[in-house]
Amino acid sequence: MYPLRRNRRLRTNESIRSLVRETIISPNDFLVPLFIVEGKGIKQEIPSMPNYYRFSLDLLEHEVKELWKLGLKSVLLFVKVPDNLKDNKGTEATNPNGLMQRAIKTVKNICPQMIVMTDVALDPYSSFGHDGIIQNGKIINDDTVDVLAEMSLSHAQAGADFVAPSDMMDGRILAIREALEDDGFVDTGIMSYSAKYASAFYGPFRDALDSAPADVKDIPKDKKSYQMDYANRFEAIRETEMDIDEGADIVMVKPGLCYLDIVREIKNEVDVPVAVYQVSGEYSMLKAAAEKGWLDHDAIMMEQITAIKRAGADVIASYFAKDVVKLLY
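As the structure is a prediction and not an experimental result, all values here were calculated from the model.

Q: Which residues make up unusual backbone geometry, and what values go with them?
A: Of the consecutive residues Tyr2 and Pro3, the connecting peptide bond is found in the cis state with omega at 5°. A cis amide bond links Lys254 to the next residue, Pro255, at an omega of -5°. With a phi close to 55°, Asn136 is a non-glycine residue in the positive phi region. One non-glycine residue, Met168, lies in the positive phi region at around 70°. For Met168, a relative accessible area of 5% gives the class buried.

Shown next, in the form of structure tokens:
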């Protein structure tokens, strides 16, 4: 009791604060999202995501080398697919010479030790911007799952270490796991977007990939029939436990800051690593506020990242990864 116990003794200066700090951020915490486009010599800033870029494969090489030098050892690949290659069935997604497949090989050729994770969903390949095949105005689950399993297998064949299904179709983890096992890819991991909410924070990301749902008559205008209702908590635990039972090696909560209660709930319940995706809207809001001079960019960035890890994240997918590591070292 006071005065025998004075808690401020452990806050006296930075040296003692750092000595007893509970949550430590390091480069090993991060998974770096990368956006890939066709062409050559392209490093194209995303207007709604200041200081974040789309890369052509030749310039992807430089970016990957820089990440590795910074101690960032894992990347998550997304591709911006040309409109002429999009259709309702995501046919291009399984093309062995597609942009994603070539991007995987590019990263592995440059830096074999870099962990390559790949986005598995149909929305970048869909003419309607949805994560699934559409029939009669509805997202068809099982036919979509078949394509996702084939897509995952093509990523594994190209050299991916992990596939990362972000679609939220029922049963897709089991289908993917079985497809990988049947083809001999027993060591290819699955990072499942297990608790992915129907969030308004994804807007800048959809700009980056041109993957927003199309405004077409009789087609869903949002993704609420497959992504989770953000009012729900227990549903997230059910979804996550099902994915683990089906073979997921890592489970993810997305978005981050507004869902840290979910992160902690899941961390308390499961025995696999928990990832958190600090999404584009979270990134862009801070960039905009800092540009206005309303917030201290670096201070808020570190506070947010620390909060995500403190809540229970073992892996943090973040557009701030390079900024954080440069600030730390």
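Q: Explain empty space enclosed by the protein to me, using residue names and the numbers behind them.
A: The gaps left among the atoms become clear once a water-sized probe is rolled over them. Going through the model one piece at a time under the given rule, you end up with two cavities of 30 Å³ or more. Lining the largest cavity we find 17 residues, and of these Asp123, Ser166, Lys196, Phe205 and Lys254 sit closest to its centre. Of all the elements in the fold, those that place two or more residues in the lining of the largest cavity are β9 (189-196) and α6 (203-209). Within the lining of the largest cavity, the residues separate by chemical class into seven nonpolar, three polar and seven charged. Of the pockets and cavities examined, the second largest cavity occupies roughly 30 Å³. Lining of the second largest cavity is provided by Glu38, Val81, Pro82, Leu85, Glu92, Leu99 and Tyr125. A breakdown of the residues in the lining of the second largest cavity according to their chemical character gives five nonpolar, no polar and two charged.

Q: Break down the nonpolar core for me, with residues and values.
A: Grouped together as the largest cluster of nonpolar side chains are 106 residues, with contacts concentrated most on Phe35, Ile266 and Tyr277. Considering every element that reaches this core, the biggest residue donor is helix α4 (residues 141-158), with eight residues. Apart from the residues lying within four places of it in its own chain, the contact partners of Ile266 are Ala195, Ala236, Ile237, Thr240, Val251, Val253 and Val274.

Q: Quick one: what's the story with the pattern of salt bridges, residue by residue and with numbers?
A: It is possible for side chains of opposite charge to pair when their charged atoms get near one another. This structure, assessed with the given rule, holds 18 salt bridges. Taking the shortest distance from any N to any O, the salt bridge between Arg172 and Asp243 comes out at 3.5 Å. Residue Arg172 is found in helix α5 (residues 172-182), and its partner Asp243 is found in helix α7 (residues 234-246); the two are separated by 71 residues along the sequence. Here Arg172 matches Asp243 in class, with each residue buried. Across the salt bridge formed by Asp314 and Lys267, the nearest N and O atoms sit 2.8 Å from each other. Placement of Asp314 in the loop between α10 (297-311) and β12 (315-318) and of Lys267 in helix α8 (residues 260-269) is noted, with a sequence separation of 47 residues between them.

Q: Hey, could you go over the side chain of Lys322 for me, with residue numbers and the actual values?
A: Mapped onto the elements of the fold, Lys322 is located in helix α11 (residues 321-328). Given a relative accessible area of 19%, Lys322 falls into the buried group. Of the polar contacts made by the side chain of Lys322, one reaches the side chain of Glu66; its length is 3.4 Å. Among all residues touching Lys322, those that are not within four sequence positions of it are Glu63, Glu66, Leu67, Leu70 and Leu72.

About the cut-offs
Residues numbered from 1 in each chain as written. Predicted model: local features only at pLDDT ≥ 70, side-chain atom pairs only at ≥ 80, totals over all residues. Heavy atoms only, no water. Buried < 20%, exposed > 50% of the residue type's maximum accessible area, 1.4 Å probe, protein only. 1 Å grid on protein atoms, 1.4 Å probe; cavity = no way out; pocket = protein on both sides within 12 Å on 5 of 7 lines; lining within 4 Å. Points joined across faces, edges and corners; volume = space filled by probe spheres on them. Helix = DSSP H or I, 4+ residues; strand = E, 2+ residues; numbered from the N terminus. Nonpolar A, V, L, I, M, F, W, Y, C, P; charged D, E, K, R; others polar. Core = buried A, V, L, I, M, F, W, Y, C linked by side-chain atoms within 4.5 Å. Contact = heavy atoms within 4.5 Å. Salt bridge = Lys/Arg side-chain N within 4 Å of Asp/Glu carboxyl O. Polar contact = N/O pair within 3.5 Å; in protein donor to acceptor, adjacent residues only side chain to side chain.

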